[in-house]
Amino acid sequence: MPSLKDFRVRIASVQSTKKITSAMKMVAASKLRRAQEAAEAARPYAERMEKMLGNLAGSFKGQAGGPKMMAGTGKDDVHLVVVMTANRGLCGGFNSNIIRLARQTIRELKDKGKTVKVLCVGRKGRDNLRRDFKDLIVDSFTEFGRKTIAFVEAEQVAVKITEMFDAGQFDVCTMIYSRFKSALTQTPTKQQIVPFPAPEAGNAAAPYDYEPSDNEILQDLLPRNLAIQLFRSMLENAASFYGAQMTAMDNATRNAGDMIGGLTLKYNRTRQAMITKELIEIISGAEAV
Amino acid sequence: MADTLQLELVSPERLLLSEPVEMVTVPGTDGYFGVLPKHAPVISTLRPGLIEVYKDGSVTQQYFVAGGFAEVNASGVTVLVDEALPVAEISKSKADERRAAAQEQLDKAATDEDKRKAGLALRIAEEMAAVASRAN
């Protein structure tokens, strides 16, 4: 039977764990608010951009030879999968959910006989996928989002993807990230970004004038759109991460509380049992005299 | 009051402006152009310059933009910018700082891509300085 001291030590250790997890929960909650605001603030731009592209795409419809990034290379042999995860753990199933979807996607593509390349954004994804798909990882960005996510960072990834595409290193690019629904639910999501899935042309009724020319605008707009989509998903990912972390830490804090309760009960029982035992010993000793 | 059109000014970080205006001038790549209500639909790229918002016959707001896209259609003007600053917030000294940083970048640039980027940053900074000296 554990001694009283053992109990005291364990209770103290669980208590300090609880302090840490509840502090982390608090931090995650405040960061979540900021991340959520950022994600919501980025939405109008992404939406307007999509609309503009939709209008442009409408005018390109039926014409052969639009820019490659929109029309595609005409093949889908080589797939690039961009896996976005967090840099840190302690966030429940957040990273593992994304990685599971990534694995599944990669397997499916491989079963179909496609060549797969992986680009990791976030350290956890790289560390995990390195075990199974070491040869597939072409590059990884792991120094991102230390404090806040800046647009320049998304641009770096976009530049890398554009370079690879221009060099003909892949045909289709899909990104996997976690879409933020609420602090409690985050859904891992797949989204194709290259070639850009041409949205349904809303009102092709109004033919646009282009300055300088439609091709030049598309050449500017498409890489820009890529960066925006990446930026947006990075923000969604950050918000999801803090949401998941908050929930996980909340659970941990509650579990620690339960555990302290249980241990305290056992501690008191043991203490009483020992007192009773000592009393019996004294009384029976006195009777024997 | 005269006819108005809906202006939306959006940067990646946030929605800066969404309101009816009388006229707006936009720095298109091929030159500044003004947009009045019932303007023909246009999509244009932007160069660094000044966006001016007109209400009741005079300029009410000025924003410095680093570049982006503008779309004019029947429902109004949508301007997507890379970076936008109210003119009141830019100053000659800040612009000069940026110009120095961009110049340094240009000197260090090794690849064509780097050079192009630094050149662009330099142009933005120069335009910003010009705007700042005109405003103050």
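It should be emphasised that the depicted structure is a prediction, and the values quoted were computed from it without experimental measurement.

Looking only at helices and strands, chain B has 2 helices and 10 strands in total. In chain B, the order of α-helices and β-strands from amino to carboxyl end is β-β-β-β-β-β-β-β-β-β-α-α. Relative to the compact-globule value of 14 Å for 136 residues, chain B shows a C-alpha radius of gyration of 16 Å, a close match. Seen along its three principal axes, the alpha-carbon backbone of chain B occupies a region of about 55 × 30 × 25 Å. Burial status across chain B gives 46% buried among its 136 residues. When contacts within chain B are restricted to residue pairs at least 6 apart in sequence, those whose partners lie at least 24 apart make up 48%. With the model as given, the accessible surface of chain B reaches about 6600 Å², and the carbon-plus-sulfur share is 50%. Of note, chain B has its 14 positive side-chain charges centred 4 Å away from the centre of its 21 negative side-chain charges.

Let us look at helix α3 (residues 94-111) of chain A. Residues and elements named next belong to chain A. Look at α3: 26 Å from first C-alpha to last across 18 residues, which is about the 26 Å you get at 1.5 Å a residue. Among all positions of α3, only Phe94, Asn95, Ile98, Ile99, Leu101, Ala102, Arg103, Thr105, Ile106 and Leu109 are buried. Check the buried side of α3 and you find it contacts β1 (78-84), β2 (115-121), α4 (123-132), β4 (172-180), β5 (186-194) and α6 (214-288). Where α3 terminates, the next one or two residues include Gly113, which has phi positive at roughly 85°.

Further remarks concern the side chain of A:Asn95. All names here are of chain A. Counting through the fold element by element, Asn95 comes out in helix α3. For Asn95, a relative accessible area of 7% puts it in the buried group. Non-local contacts of Asn95, meaning those with residues more than four positions away in its chain, are made with Thr85, Ala86, Arg88, Gly89 and Lys124.

All right, on to the domain arrangement of chain A then. All names here are of chain A. Structurally, chain A comprises domain 1 (4-22 + 248-288) and domain 2 (23-247). Taking only C-alpha atoms, the centre of domain 1 and the centre of domain 2 are 51 Å apart. Contacts between the two partners involve 8 residues from domain 1, matched on the other side by 11 residues from domain 2. For the pair domain 1 and domain 2, the summed buried surface comes to about 700 Å²; carbon and sulfur atoms form 54% of the total. In terms of surface lost to domain 2, no three residues of domain 1 exceed Ser22, Ala248 and Met249, which account for 67% of the buried area on that side. If you look at where domain 1 meets domain 2, you find 1 salt bridge. Residue Asp250 pairs with Lys25 through a salt bridge whose shortest N-O separation is 3.3 Å. Where domain 1 packs against domain 2, one counts 19 residue pairs in polar contact (both at pLDDT 80 or more). Only α1 (4-60) and α6 provide two or more residues apiece to the side of domain 1 that touches domain 2. The class makeup of the residues in the side of domain 1 that touches domain 2 is 3 nonpolar, 3 polar and 2 charged.

This brings us to the pattern of salt bridges. Inspection of every chain in the model, using the stated rule, returns 19 salt bridges over all chains. Linking B:Arg98 and B:Glu83 is a salt bridge whose minimum nitrogen-to-oxygen distance equals 3.0 Å. Here B:Arg98, found in helix α1 (residues 92-108), pairs with B:Glu83, found in the loop between β9 (76-81) and β10 (84-86); they are 15 residues apart in sequence, far enough to count as distant. You can call B:Arg98 partly exposed: its relative accessible area is 30%. One salt-bridge network, held together by shared partners, links A:Lys25, A:Asp250 and A:Arg254.

About the cut-offs
Residues numbered from 1 in each chain as written. Chains lettered and ligands numbered in written order. Predicted model: local features only at pLDDT ≥ 70, side-chain atom pairs only at ≥ 80, totals over all residues. Heavy atoms only, no water. Helix = DSSP H or I, 4+ residues; strand = E, 2+ residues; numbered from the N terminus. Rg over C-alpha atoms; globule rule 2.2 N^0.38 Å. Buried < 20%, exposed > 50% of the residue type's maximum accessible area, 1.4 Å probe, protein only. Contact = heavy atoms within 4.5 Å. Areas by Shrake-Rupley, 256 points an atom, 1.4 Å probe, with all protein chains shown as cover. Lys, Arg positive; Asp, Glu negative; His and termini not counted. Charge placed at Lys NZ, Arg CZ, Asp CG, Glu CD. Expected span 1.5 Å × (residues − 1). Domains from an automatic or database assignment. Buried area = accessible area lost by both parts, 1.4 Å probe. Salt bridge = Lys/Arg side-chain N within 4 Å of Asp/Glu carboxyl O. Polar contact = N/O pair within 3.5 Å; in protein donor to acceptor, adjacent residues only side chain to side chain. Nonpolar A, V, L, I, M, F, W, Y, C, P; charged D, E, K, R; others polar.

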